[in-house]
Amino acid sequence: MTLGPDIAERMNRARADLRAGVPVVLTDPAGDALVFAAETVGPGRLTTAEGIGPLILAITNRRAETLRTPAYDGDLARVAVPAGAGAGWVRAVADPASDLDAPMKGPFRHVRTGSAAVARAAIGLVKSARLLPAAVILPHEGALALAMTEGLTVLSGPEVLAALGAPVALHPVVHARLPMSVSEAGRLHVFRPEDGGEEHYAVEIGQPARDRPVLARLHSACFTGDLLGSLKCDCGPQLRGALAQMAAEGAGVLLYLNQEGRGIGLANKMRAYSLQDQGFDTVEANHRLGFEDDERDFRLGAAILRRMGFGAVRLLTNNPAKIRMMEANGIEVAERVPLKVGKTAHNAGYLATKAAKSGHLL
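Residues numbered from 1 in each chain as written. Predicted model: local features only at pLDDT ≥ 70, side-chain atom pairs only at ≥ 80, totals over all residues. Heavy atoms only, no water.

Within an unreviewed UniProt entry, the label attached to the chain reads GTP cyclohydrolase-2, and the organism entered is Albidovulum denitrificans. Under the UniProt heading Catalytic activity (unreviewed entry), the note attached to the chain is "GTP + 4 H2O = 2,5-diamino-6-hydroxy-4-(5-phosphoribosylamino)-pyrimidine + formate + 2 phosphate + 3 H(+)". For the record of the chain, the UniProt heading Pathway (unreviewed entry) holds the text "Cofactor biosynthesis; riboflavin biosynthesis; 5-amino-6-(D-ribitylamino)uracil from GTP: step 1/4." (UniProt positions renumbered as here; feature names shortened; annotations may be inferred.)

**Student:** How do you make sense of the domain arrangement of the chain when you look at a structure like this?
**Tutor:** How large an interface is tends to be reported as the accessible area lost when its parts come together. Domain annotation for the chain reports domain 1 (7–165) and domain 2 (170–259 + 296–358). Between the C-alpha centres of domain 1 and domain 2 the distance comes to 35 Å. A combined buried area of about 360 Å² lies between domain 1 and domain 2, and 28% of that area is made up of carbon and sulfur atoms. Linking domain 1 with domain 2 are two residue pairs in polar contact (both at pLDDT 80 or more), by the criterion used here. (Domains from an automatic or database assignment. Buried area = accessible area lost by both parts, 1.4 Å probe. Polar contact = N/O pair within 3.5 Å; in protein donor to acceptor, adjacent residues only side chain to side chain.)

**Student:** Would you mind going over the UniProt feature "binding site: Zn(2+)" (unreviewed entry) in the chain with me for this structure?
**Tutor:** Per the UniProt record, the feature "binding site: Zn(2+)" (unreviewed entry) sits at Cys222, Cys233 and Cys235. Position of Cys235 among the secondary structure elements: in helix α9 (residues 235–249). In this structure Cys235 comes out as buried when scored by relative accessible area, which is 15%. Sequence-distant contacts of Cys235, that is, excluding residues within four places in its chain, are made with His219, Cys222 and Asp226. (Helix = DSSP H or I, 4+ residues; strand = E, 2+ residues; numbered from the N terminus. Buried < 20%, exposed > 50% of the residue type's maximum accessible area, 1.4 Å probe, protein only. Contact = heavy atoms within 4.5 Å.)

**Student:** Looking at this structure, how should I read the pattern of salt bridges?
**Tutor:** Close approach of charged atoms allows side chains with opposite charge to pair. The full count for this structure, using the stated rule, is 19 salt bridges. The residue Arg10 makes a salt bridge to Glu159 at a minimum N-O spacing of 3.5 Å. One end of the pair, Arg10, is in helix α1 (residues 7–19); the other, Glu159, is in helix α7 (residues 157–165), and 149 residues separate them in sequence. The closest approach of N and O atoms between Arg62 and Glu65, which form a salt bridge, is 3.9 Å. Note that Arg62 and Glu65 are positioned in helix α3 (residues 61–66) at a spacing of three residues, about one turn of the helix. Owing to a relative accessible area of 53%, Glu65 belongs among the exposed residues under this scheme. Within the structure, one salt-bridge network assembled from shared partners comprises Glu39, Arg91, Asp95 and Arg271. (Salt bridge = Lys/Arg side-chain N within 4 Å of Asp/Glu carboxyl O.)

**Student:** So what exactly am I meant to see when it comes to unusual backbone geometry here?
**Tutor:** Leaving glycine aside, a negative phi is the common case for residues, and trans is the common case for peptide bonds. With a phi close to 55°, Arg68 is a non-glycine residue in the positive phi region. When you line up the elements, Arg68 lands in the loop between α3 and β4 (76–80). With phi around 60°, Arg262 is a residue other than glycine that occupies positive phi space. Following the sequence through the fold, Arg262 ends up in helix α10 (residues 260–263). The exposure class assigned to Arg262 is buried, which follows from its relative accessible area of 13%.

**Student:** Help me understand the UniProt feature "binding site: GTP" (unreviewed entry) in the chain, please; the structure alone is not making it clear to me.
**Tutor:** Here, UniProt's "binding site: GTP" (unreviewed entry) annotation points to Arg217, Leu218, His219, Ser220, Ala221, Gln238, Glu260, Gly261, Arg262, Thr282, Thr317 and Lys322. In three dimensions, the annotated residues from a span of 106 residues occupy distinct locations, with a maximal C-alpha spread of 22.6 Å. Lining the largest pocket, from the residues named above, are Ala221 and Glu260. Contacts of Ser220, omitting those with residues within four sequence positions, involve Asp226, Leu257, Gln259, Arg296 and Phe298. When you line up the elements, Ala221 lands in the loop between β10 (214–220) and α8 (223–227). (1 Å grid on protein atoms, 1.4 Å probe; cavity = no way out; pocket = protein on both sides within 12 Å on 5 of 7 lines; lining within 4 Å.)

**Student:** Help me out: how do you make sense of helix α11 (residues 266–277) in this one?
**Tutor:** Residues lying three or four places apart along an α-helix face the same way, a consequence of the helix completing one turn every 3.6 residues. With 12 residues, α11 should cover 16 Å at 1.5 Å per step; its first-to-last C-alpha distance of 17 Å lies within 8% of that length. For α11, the full list of buried residues reads Asn268, Lys269, Arg271, Ala272, Tyr273, Leu275 and Gln276. Taken from the residues just after α11, Gly279 is the one with a positive phi, measuring 115°. (Expected span 1.5 Å × (residues − 1).)

**Student:** So what exactly am I meant to see when it comes to the sheet that holds strand β3 (residues 56–60) here?
**Tutor:** An order of β4-β3-β5-β2-β1-β6 is seen for the six strands of this open sheet, with the pairing classed as mixed. Lying at the two open borders of the sheet, with one neighbouring strand each, are β4 and β6 (154–156). On average, each strand axis in the sheet is inclined to that of its neighbour by 30°, with strand direction left out of account. Judged from the five bridges that link them, strand β2 (residues 33–37) and strand β5 (residues 134–139) form a sheet pairing that is antiparallel. Bridged to Phe36 within β5 is Val136. Contacts from helix α5 (residues 117–128) reach β1 (24–27), β2, β3, β4, β5 and β6 within the one sheet, and its direction differs from that of β5 by about 140°. (Pairing = 2+ DSSP bridges. Axes fitted to C-alpha atoms, helices over the stretch in contact; angles between N-to-C directions.)

**Student:** Would you take a moment to explain the layout of surface pockets for this structure?
**Tutor:** Of the pockets and cavities examined, the largest pocket occupies roughly 1,200 Å³. Lining the largest pocket are 43 residues, with Arg15, Ser128, Arg130, Val168 and Asp195 sitting closest to its centre. Put simply, the parts of the chain that give the lining of the largest pocket at least two residues each are α1, α5, α7, α10, α11 and α13 (299–307). Of the residues in the lining of the largest pocket, the class split is 17 nonpolar, 11 polar and 15 charged. Considering only enclosed or pocket space, the second largest pocket measures out at about 410 Å³ in volume. Every element with two or more residues in the lining of the second largest pocket is listed here: α3 and α12 (282–289). If you tally residues by element for the lining of the second largest pocket, the top one is α12, at three residues. Taken together, the residues that form the lining of the second largest pocket break down as seven nonpolar, four polar and six charged. (Points joined across faces, edges and corners; volume = space filled by probe spheres on them. Nonpolar A, V, L, I, M, F, W, Y, C, P; charged D, E, K, R; others polar.)

Right under this line is the structure:
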């Protein structure tokens, strides 16, 4: 064991750099590169990078589909950044905010030779930083030397891809009694990811037995619904309804997972809301941003349940994907308990889209 950071810790450092507009270096057998987040790269750094060599903008296949340009690498497209295009051009291609005002962004010149591995790792890393899923890439054989002189974070591309696909290790931090309005017999457990990411919580009602299925809910954080009472979704009513049902039965566990906006983060969720105001549904909005329908990782819930000693659940959900993910990760789902609450005039279309496009049982 060394004192230096491992790959998970360096990735967390890289996320902070990218959010601040600082580039990182990705190494790969096919060639090293400097990587910027398209959302945060400033004009000064972009001009400096352009003076070193030609730039590539990597976007997801979802964003490419919106721009009506081919994704030659399957899950992504590598677009050559025109000389002198600037940060405004990069942002306009990456961010759909102005799509309706200026729908014709191209024509684009694609990079189709060489490996797309660095681009794939770059998009994955930027996406995990809760930024728009697009990255500016500067392939450069002297990238490592630049990292040394400029103090940049260095990551191995293959290690990044492996880490992004691996389950996150969670460790219990503390738990304490928490009397609540729905039940005085409450207890809050805090779990911290090994990579230093956002903490996740488990709310335990009563003293649920570990030797039989527990009434459980996997609830993804929703600042707008849970805290502000938003009428655009049913999250707040689902949260309160699940806790009330657990209190009525005398036992249960609600997992509160920090995966805002189906895993894309609050800022991107608000971007999706803005697109919905333009007439797109929730799935279409995610796709226009470059995301999949749902970017959440429900393996986190399975890991917390196992750490708490639960092996089987009666799952409060309308989402069959949660059932499949629990069972795929060793948690038996003995029963699906419907949770149909919170329909309003504002979210009727949203709920209809979840049923039609995401398979929710509503």
